[in-house]
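Chains, contacts and geometry: an overview
Here is what each chain is made of, one letter per residue.
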Amino acid sequence: MSDKPLSRNTSNGISRRGFLGRTGSVIGAMALAGHLTPAQAAAPPGPVSDGARVAALVIGTGYGGSVAALRLAQAGVDVQMIEMGMSWDTPGSDGKIFPTVTSPDYRSFWLRTRTKAPLSNFLGFPIDKDVPKYTGILDAEDFAGITVYQGRGVGGGSLVNGGMAVTPKRANFAAVLPSVDADEMYGTYYPRANAGLGVGMIDPAWFDTADCYQFSRVGRKHAQRSGFAWTFVPDVYDWDYMKKEAAGTATKSALAGEILYGNNHGKKSLVQTYLAQAKATGRVAISPLHKVTSVSPATAGGYTVTIDQLNTTGDTVTTKTVTADRVFFAAGSVGTSKLLVKLKATGALPNLNGEVGKGWGENGNVMCGRANHLWDPTGKLQSTIPCSGIDNWDAGGAFAEVAPLPTGIETYASFYLSITKNPNRAEFTWNAATGRADLSWQTAWKQPSVSMAKTIFDKINSKEGTIYRTDLFGGNKIWNDTLTYHPLGGAVLNRATDNYGRLHGYTGLYVIDGALIPGNTSVNPFVTITALAERNIEKIIATDLP
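Now for a description of the structure that goes with this document. (Residues numbered from 1 in each chain as written. Predicted model: local features only at pLDDT ≥ 70, side-chain atom pairs only at ≥ 80, totals over all residues. Heavy atoms only, no water.)

Tallying each qualifying case throughout the model produces 1 cavity of 30 Å³ or more. Looking at the largest cavity, its volume works out to about 40 Å³. Taken together, Y63, S158, N161, L197, V236, K267, K268, S269 and L270 form the lining of the largest cavity. Taken together, the residues of the lining of the largest cavity sort by class into 4 nonpolar, 3 polar and 2 charged. (1 Å grid on protein atoms, 1.4 Å probe; cavity = no way out; pocket = protein on both sides within 12 Å on 5 of 7 lines; lining within 4 Å. Points joined across faces, edges and corners; volume = space filled by probe spheres on them. Nonpolar A, V, L, I, M, F, W, Y, C, P; charged D, E, K, R; others polar.)

Once that is clear, we can look at the environment of Y500. Within the element layout of this structure, Y500 appears in the loop between β20 (483-484) and β21 (509-511). When the C-alpha atoms of Y500 and E538 are compared, they prove to be 9.5 Å apart, with 38 residues separating the residues in sequence. Discounting residues that sit within four places of it in the chain, Y500 has contacts with L493, R535, N536, K539 and I540. (Helix = DSSP H or I, 4+ residues; strand = E, 2+ residues; numbered from the N terminus. Contact = heavy atoms within 4.5 Å.)

Next up on the list: helix α11 (residues 447-464). Each full turn of the α-helix corresponds to 3.6 residues, which orients residues three or four apart in the same direction. Between its first and last C-alpha, α11 extends 25 Å over 18 residues, near the 26 Å set by a 1.5 Å rise per residue. Of all the bends in α11, the greatest measures close to 40° and is centred on K454. Residues of α11 that are buried include every one of S449, V450, M452, A453, I456, F457, I460, N461 and E464, and no others. In the stretch just after α11, G465 is the one whose phi turns positive, near 70°. (Expected span 1.5 Å × (residues − 1). Bend = angle between axes of the 7 residues up to and from the residue. Buried < 20%, exposed > 50% of the residue type's maximum accessible area, 1.4 Å probe, protein only.)

Turning our attention to the packing of helix α2 (residues 63-74) against helix α12 (residues 526-544). Running from N to C, α2 and α12 cross one another at 35°; their axes reach a closest spacing of 8 Å. Considering only the axes of α2 and α12, their crossing is right-handed. Within the contact between the two elements, α2 uses Y63, G64, V67, A68, R71 and L72 and α12 uses F526, I529, T530, A533, E534, I537 and I541. Along the lines of polarity and charge, the residues of the contact of α2 with α12 split into 9 nonpolar, 2 polar and 2 charged. (Axes fitted to C-alpha atoms, helices over the stretch in contact; angles between N-to-C directions. Left-handed = near helix turned anticlockwise from the far one by under 90°.)

It is worth spelling out the pairing of strand β5 (residues 138-142) at this point. Burial runs high along β5: 4 of the 5 residues are buried. Where β5 folds back onto strand β6 (residues 147-151) in an antiparallel hairpin, the turn is made up of 4 residues. (Pairing = 2+ DSSP bridges.)

On to unusual backbone geometry, then. Phi is positive for L111, close to 50°, though the residue is something other than glycine. The phi torsion at N494 lies on the positive side, around 70°, for a residue other than glycine.

Core analysis: the largest hydrophobic core is formed by 90 residues, its most contacted members being L57, V295, V327 and F329. Excluding residues within four positions of it along the chain, V295 makes contact with I59, Y303, T304, V305, V327, F329, L343, A348, L349 and L509. Grouped together as the second largest cluster of nonpolar side chains are 64 residues, L159, Y261, C387 and I456 included. (Core = buried A, V, L, I, M, F, W, Y, C linked by side-chain atoms within 4.5 Å.)

Time to look at the environment of L349. Within the secondary structure, L349 is located in the loop between α9 (332-345) and β12 (366-371). C-alpha of L349 to C-alpha of S296: the two residues are 53 residues apart in sequence and 5.9 Å apart in space.

With mixed pairing, 3 strands are arranged side by side in an open sheet as β5-β6-β20. Either end of the sheet is taken by a strand with one partner, and the two such strands are β5 and β20.

A few words on the packing of aromatic side chains. Tallying each qualifying case throughout the model produces 25 aromatic pairs. For the ring pair W230 and F232, a centre distance of 4.9 Å and an interplane angle of 70° mean the geometry is edge-to-face. Taken together, W206, F207, Y213, F215, W230, F232, Y237 and W239 form an aromatic cluster joined through their ring pairs. The cationic tip of K459 hangs over the ring face of F228; the distance from NZ or CZ to the ring centre is 5.3 Å. For K539, the ring lying beneath its charged end belongs to Y500, and the centroid distance is 5.3 Å. (Phe/Tyr/Trp six-rings, centres within 6.5 Å; stacked < 30°, edge-to-face > 60°. Lys NZ or Arg CZ within 6 Å of the ring centre and 35° of its normal.)

Throughout the structure, instances matching the rule amount to 27 salt bridges. D391 is paired through a salt bridge with K169; the nearest N and O atoms lie 2.7 Å apart. Taken together, the residues span a long stretch of sequence, with D391 in strand β13 (residues 388-392) and K169 in the loop between β6 and α3 (173-176) at a distance of 222 residues. Given the relative accessible area of 40%, K169 is considered partly exposed. Connected through salt bridges with shared partners, the residues D139, E141, R152 and K338 form a single ionic network. (Salt bridge = Lys/Arg side-chain N within 4 Å of Asp/Glu carboxyl O.)

This brings us to a nonpolar patch on the surface. Among the surface-exposed residues, L123, F125 and I409 lie close enough to one another that they form a single nonpolar patch of about 320 Å² accessible area. Note that F125 resides in strand β4 (residues 125-126). According to the relative accessible area criterion, F125 is exposed, its value standing at 59%. (Patch = residues over 30% accessible without salt bridge, like charges linked within 9 Å, V, L, I, M, F, W, Y side chains within 5 Å. Areas by Shrake-Rupley, 256 points an atom, 1.4 Å probe, with all protein chains shown as cover.)

The angle between the axes and the distance between the axes are what describe a pair of packed helices. In contact at an axis separation of 9 Å, helix α6 (residues 214-225) and α11 are set at 90° when each is read in the N-to-C sense. What the angle tells us is that α6 and α11 run roughly perpendicular. Contacts between α6 and α11 involve H222, A223 and R225 from the former and I460, K463 and E464 from the latter. The class makeup of the residues in the contact of α6 with α11 is 2 nonpolar, 1 polar and 3 charged. (Parallel < 35°, antiparallel > 145°, perpendicular 65-115°, else oblique.)

Turning next to helix α4 (residues 182-197). Of all the bends found along α4, the most pronounced is centred on Y189 and spans about 35°, while P191, a proline, follows it within four residues. Along α4, the positions that sit buried rather than exposed are M185, Y186, Y189, Y190, R192, A193, N194, G196 and L197. Here α4 starts with a cap whose side-chain oxygen sits 2.7 Å from the backbone nitrogen of D183, and that cap is D181. (Polar contact = N/O pair within 3.5 Å; in protein donor to acceptor, adjacent residues only side chain to side chain.)

With respect to the element layout, Q80 can be found in strand β2 (residues 79-82). When sequence neighbours within four positions are dropped, the list of residues in contact with Q80 reads G46, V48, V54, A56, L57, V58, A285, I286 and S287.

The next thing to look at is the pairing of strand β8 (residues 284-287). Burial of the side chains of β8 extends over both faces: V284 and I286 are buried on one face and A285 and S287 on the other. Of the strand pairs in this sheet, β2 and β8 are connected by 4 bridges, and their pairing is parallel. Residue pairing for β8: Q80 is matched across the bridge by A285.

It is worth spelling out the environment of K268 at this point. Inspection of the secondary structure assignment puts K268 in the loop between α7 (239-247) and α8 (274-280). Here K268 falls in the buried class, since its relative accessible area comes to 16%. Within the structure, the side chain of K268 is placed 2.6 Å from the backbone oxygen of G198, a separation counted as a polar contact.

Structural data, given as structure tokens:
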């Protein structure tokens, strides 16, 4: 198999040396200019054609894939991105691209006939409902012991998360990525990622008076009265736009219950940041509703990639075969891991090592609610964008987002998503009988997360004289311990790959997404995924391109 270099045009592109030398100026320009809108981006080539030969094929358009595509394009490499989900750029009959949290419809879930909201009940009544089967934006993917929530569409998880853009404490970094130089990450790549993502912080003075953050101020009061550290958390929402929403001078978005199934206005997803920059190079093409099913060495060098094109009910309408000089796996922790274990087990890539599929974790996610006293209302109007958290990581192994409950009515409830130091790790394996990848996670493995989260909320309840809510998850459950928003691992850095994401056993195959991170980041993970991708792709461009 050849080690064919990526093809580049340096006559009007950017040479490798030029790319590396101009990185600082590129990032500075991004920070100063904000973000391009899709309308400002150059028109990219169309979807990939059957029989095409491409220099770089990126599987997925989430954080890692978007970083790789942008930096490769800036270095003069033509990039084809393959995305299983839709391109969310066409309004529905209601004039909006995305539905609200409280009114999910056919756009809300990936190929389900019934919604599966993370908060399944309210006031004891189930809230899920039947919907038409459609390639919707949120995938609630069920495994034996856990449901993994993932974004489906161009932009990946950036379409559906709350945008909490947290850099881990440096003291915790060695436990997150032990083989990575912390000085490089905190000196170069975390700042680069934050600039590229458009990370900002809420105005503290505005926060103290805004009706839409009363829920967060109650969370602050209760945390501090119990002796916990409470902190503002950065986000990728446009905070100036949020102020305009509150003032009634802009179309409401976060204040209209938009987030879980997409946000129509103020949120800076990858579509407005890295992907807009990538498309503006003219070197990046994106093929939505395309799913990679196989990658194998090509006889004449490079890799043969088989791709199913889907319709909006998930059926395959045609199958394409493409030859790629190099392939970047960026389908998210679950997508990348499932594909790699399939390729190894079925003989398409038999030389992948035994670490493929291992080291998967769920970032210790658990959810709970507390019932506050009537004199502690949390507000009828709640922004869908969380902006604060409670930190008990060092003492109790938990960090808790003070999360919204945007129901439009007063709930007297405080709601939290906790990230915990859960040590349990699962493995993906290929099940030949069912033709799918299984995950070995067990629901009982969430017990450490519950215990760690209780170090915060048991104490607050004791101090405030309050109790846990039992009407949010069905069956009088206090804890939602069967989900994760933050899947990580499955192709761990320096195990399944080398220390820069090159897969062992094959030249020209790379992992560049959250599958590289072994199960936990101590905070919301997307800034770390982005920063690690920035680090890795810079090294790959510098050393793998002649």
